[in-house]
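Take a look at the letters that make up each chain.
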Amino acid sequence: MLPLQTIPVIGMDVGPFLVLALAALAGGAFGAALGALPSFIFTGFVVFLGEGLAILQSQVADLPGIPGGELGVGVTGVIGFGAVTGPHISFAAGVAASAYVGKKYPEMNPKGWDYHLGKNITEAYGTKPDILAVGAIFGLLGLLIAQIAGGLGLPTDGIALSVFLTAMVARVVFGYPLVGKPAGDGYLDMGPFEREEPRDEDGDVHEGNAGRLAVEPWLPHQYKWAGVAVIGVVGGVLGGYIWLKTGSIFLGYAISAMSLLFLNLGVAKIPVTHHITLLGAVGAVLAMPLFGSALAAVVVAGVLGCVTGVVGEFTQRVFYSHSGTHVDPPAMAITVMMFVIGALYLLGVLPNAGYLGL
C-alpha cells in the first residue's frame, strides 16, 4: 500500500534485499504464531501509530536528524506495511498456516466451528516448528509477490494482490479446491447457508470436518447485499472525512483494522471495514481536485466505499465460500478497486491514483 523497493537485478548489491528477506521469513513465522487475524489487528495498531506520528510531526518542527514526515512514514511503511506486520507477510502467513493446519492437524478443530478448519484465522498457533516454517515460507513468498508487482509497475495495490495470490497458492500447495464447487444455484447463492444445509459427502469434505456447512460465507453477519452496501456507504464517508481532516489516507484503515480486536475476542457482529474506509479515503483524494468541495469529497467517498463493499462481497461468494481455506475478500476488493483507479489514472481519466506510486 506504500511504495515498495523493487527486486534487485543482477549486478546490484543484494545485501539490503537479503536483510529484508530474512525479516520477511521471521515476520511470516511470527504471523503464523499469532494467527492471521491477530497479526492483522497488530497491523492496524502499528499503522495507527505511524499515521498519528506523521500527523503530529506535520504540526511541529522537524525533529533533530529526522526530516519532516519521515518518522511516521517509516513506522507505517517499514513496520506496519513492511516485514513485521505487513498483511502480505504476517497475515498471509497466518492464512497459509491455517490452511496447513486444516490438513495436518484436523484434531485442532475448535468446538462450535462449523466451517472447514482451514478457514479458522482467529487461532494462534504458538511455537509448533512445522507451522512456523509454513508461515516463514509464505511470508517470504508474500514479500516476493509484492516486490515483483511493484517492480513491474502494476497499477494496483501490490500488498493486497499478494495477500490474494498467496492464499490461492496455499490452496494449491495443501490440496484444497482452487475455487470449490457451489452447493446451491451457482457461486453467488447463499441459500444453502441460510438453510443450514450440510455439505454432501462427495469427496470435497476434508478430514475432521464432518457436518461442515455446504456454503460458508466469509461473515455470517455481513453478507446480504443491502447490509453490505449500507456499511459501505458509512465506512466510505468516515474514511473520506478522516482524510479531509488529517490528510492521512491510512488512518481510517487503521481504525477499522483495530476494531477487529473485538471480532477476534468474540463480539459476533463487528463489521469488517478496512477495505471500505481505505477506498473511502481514496475517493475523497480523487474528488477534491475534481470538484474542490468537501461535501463532494465525502459523497464520492461514500459511493466508492459502497462499491468496494459490494465488490468484496462478490469476491467472497466466488473465492471464499465454496472451498476450505481463507481467501481474503477485503484484499480482493482493494486489488480490484485500485486496479480500476490505477488504470483510469494511466488513461488520463482521473487526476491521481490515490496512494499508488504511479
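Our subject is the structure that appears above.
Residues numbered from 1 in each chain as written. Predicted model: local features only at pLDDT ≥ 70, side-chain atom pairs only at ≥ 80, totals over all residues. Heavy atoms only, no water.

A.B. asks: What is the right way to read helix α11 (residues 294–320) from this model?
C.D. replies: Because each turn of an α-helix spans 3.6 residues, side chains separated by three or four positions end up pointing in the same direction. When the terminal C-alpha atoms of α11 are compared, their 37 Å separation across 27 residues agrees well with the 39 Å that a helix rising 1.5 Å per residue should span. You can read the cap of α11 off the contacts: a side-chain oxygen lies 3.2 Å from the backbone nitrogen of Leu-295, and it is on Ser-293. (Helix = DSSP H or I, 4+ residues; strand = E, 2+ residues; numbered from the N terminus. Expected span 1.5 Å × (residues − 1). Polar contact = N/O pair within 3.5 Å; in protein donor to acceptor, adjacent residues only side chain to side chain.)

A.B. asks: Whenever I open this one, the side chain of Asp-157 confuses me. Can you help?
C.D. replies: Considering the arrangement of structural elements, one finds Asp-157 in the loop between α5 (129–152) and α6 (158–173). Of the side chains bearing the opposite charge, Arg-171 lies closest to the buried Asp-157, which forms no salt bridge; the N-O distance is 20 Å. At 2.9 Å, the side chain of Asp-157 forms a polar contact with the backbone nitrogen of Ala-160. (Buried < 20%, exposed > 50% of the residue type's maximum accessible area, 1.4 Å probe, protein only. Lys, Arg positive; Asp, Glu negative; His and termini not counted. Salt bridge = Lys/Arg side-chain N within 4 Å of Asp/Glu carboxyl O.)

A.B. asks: When you look at the packing of helix α8 (residues 225–246) against helix α10 (residues 274–291) in this model, what are you seeing that I'm missing?
C.D. replies: Interaxial distance between α8 and α10 falls to 7 Å at its minimum, and their mutual angle equals 55 degrees. It follows from the interaxial angle that α8 and α10 lie oblique. The two elements α8 and α10 cross, and the hand of that crossing is right-handed. The segment α8 lies against α10, with Ile-231, Gly-232, Gly-235, Gly-236, Gly-239, Gly-240, Trp-243 and Leu-244 engaging Ile-276, Thr-277, Gly-280, Ala-281, Ala-284, Val-285 and Met-288. Residues of the contact of α8 with α10, tallied by class, amount to eight nonpolar, seven polar and no charged. (Axes fitted to C-alpha atoms, helices over the stretch in contact; angles between N-to-C directions. Parallel < 35°, antiparallel > 145°, perpendicular 65-115°, else oblique. Left-handed = near helix turned anticlockwise from the far one by under 90°. Contact = heavy atoms within 4.5 Å. Nonpolar A, V, L, I, M, F, W, Y, C, P; charged D, E, K, R; others polar.)

A.B. asks: So what exactly am I meant to see when it comes to a nonpolar patch on the surface here?
C.D. replies: Where nonpolar side chains cluster on the molecular surface, the patch consists of Val-336, Phe-339, Val-340, Leu-344, Leu-347 and Val-349 and spans about 530 Å² of accessible area. Of note, Val-336 is situated in helix α12 (residues 329–346). (Patch = residues over 30% accessible without salt bridge, like charges linked within 9 Å, V, L, I, M, F, W, Y side chains within 5 Å. Areas by Shrake-Rupley, 256 points an atom, 1.4 Å probe, with all protein chains shown as cover.)

A.B. asks: What is the right way to read the nonpolar core from this model?
C.D. replies: One broad rule of soluble globular proteins: the nonpolar side chains tend to lie buried together. Judged by nonpolar contacts, the single largest core of 57 residues is most densely connected at Ile-249, Leu-279, Val-282 and Tyr-355. Looking at this core, the elements with two or more residues in it are α2 (36–59), α4 (87–104), α6, α9 (251–264), α10, α11 and α12. (Core = buried A, V, L, I, M, F, W, Y, C linked by side-chain atoms within 4.5 Å.)

A.B. asks: Whenever I open this one, the packing of α4 against α5 confuses me. Can you help?
C.D. replies: Any two packed helices are characterised by how steeply their axes cross, that is the angle between the axes, and by the distance between the axes. Contact geometry for α4 and α5: axes closest at 7 Å, N-to-C directions at 135 degrees. Looking at the two axes, α4 sits oblique to α5. In terms of crossing hand, the pair formed by α4 and α5 is right-handed. Counting all contacts with α4, which are made through His-88, Ile-89, Ala-93, Ala-96, Ala-97, Tyr-100, Val-101 and Lys-104, the residues of α5 involved are Asp-130, Ile-131, Val-134, Gly-135, Phe-138, Gly-139, Gly-142, Leu-143 and Ala-146. Here the residues of the contact of α4 with α5 sort into eleven nonpolar, four polar and two charged.

A.B. asks: Got a minute to help me understand the pattern of salt bridges in this structure?
C.D. replies: Enumeration according to the criterion identifies three salt bridges in this entry. Where Lys-119 meets Glu-216, a salt bridge forms, and the shortest distance between an N and an O atom there is 2.6 Å. Here Lys-119 is found in the loop between α4 and α5, whereas its partner Glu-216 is found in the loop between α7 (191–194) and α8, with 97 residues between them in sequence. For Glu-313, the salt bridge is made with Arg-317, and the minimal N-O distance between the two is 2.6 Å. Taken together, the residues Glu-313 and Arg-317, both in helix α11 and four residues apart, mark about one turn of the helix. Residue Glu-313 is classed as buried on the basis of its relative accessible area, which comes to 2%.

A.B. asks: Any chance you could explain the packing of aromatic side chains here in plain terms?
C.D. replies: Given two aromatic rings, one states the distance between the centres and the angle between the planes to describe the pair. Under the definition given, this model contains ten aromatic pairs. With centroids separated by 5.6 Å and ring planes inclined at 90 degrees, the aromatic side chains of Phe-193 and Tyr-223 adopt a geometry described as edge-to-face. You can see Phe-193 sitting in helix α7 and its partner Tyr-223 sitting in the loop between α7 and α8, a full 30 residues away along the chain. Note on accessibility: Phe-193 and Tyr-223 belong to one class, buried. The ring of Tyr-176 has Lys-103 lying over it, and the distance from NZ or CZ to the ring centre is 4.6 Å. The residue whose ring lies beneath Lys-119 is Tyr-320, and the NZ or CZ to ring-centre distance is 4.2 Å. (Phe/Tyr/Trp six-rings, centres within 6.5 Å; stacked < 30°, edge-to-face > 60°. Lys NZ or Arg CZ within 6 Å of the ring centre and 35° of its normal.)

A.B. asks: How should I be thinking about unusual backbone geometry in this particular structure?
C.D. replies: Phi at Glu-196 takes a positive value of approximately 55 degrees, unusual for a residue other than glycine. Along the polypeptide, Glu-196 turns up in the loop between α7 and α8. Exposure remark for Glu-196: the relative accessible area of 63% places this residue in the exposed category.

A.B. asks: Explain the environment of Gly-82 here, please?
C.D. replies: Topologically, Gly-82 is positioned in the loop between α3 (70–80) and α4. According to the relative accessible area criterion, Gly-82 is buried, its value standing at 10%. In this structure the C-alpha to C-alpha distance between Gly-82 and Ala-24, which are 58 residues apart in sequence, comes to 8.3 Å. Leaving out residues up to four positions away in the same chain, Gly-82 has contacts with Gly-77, His-88 and Ile-89.

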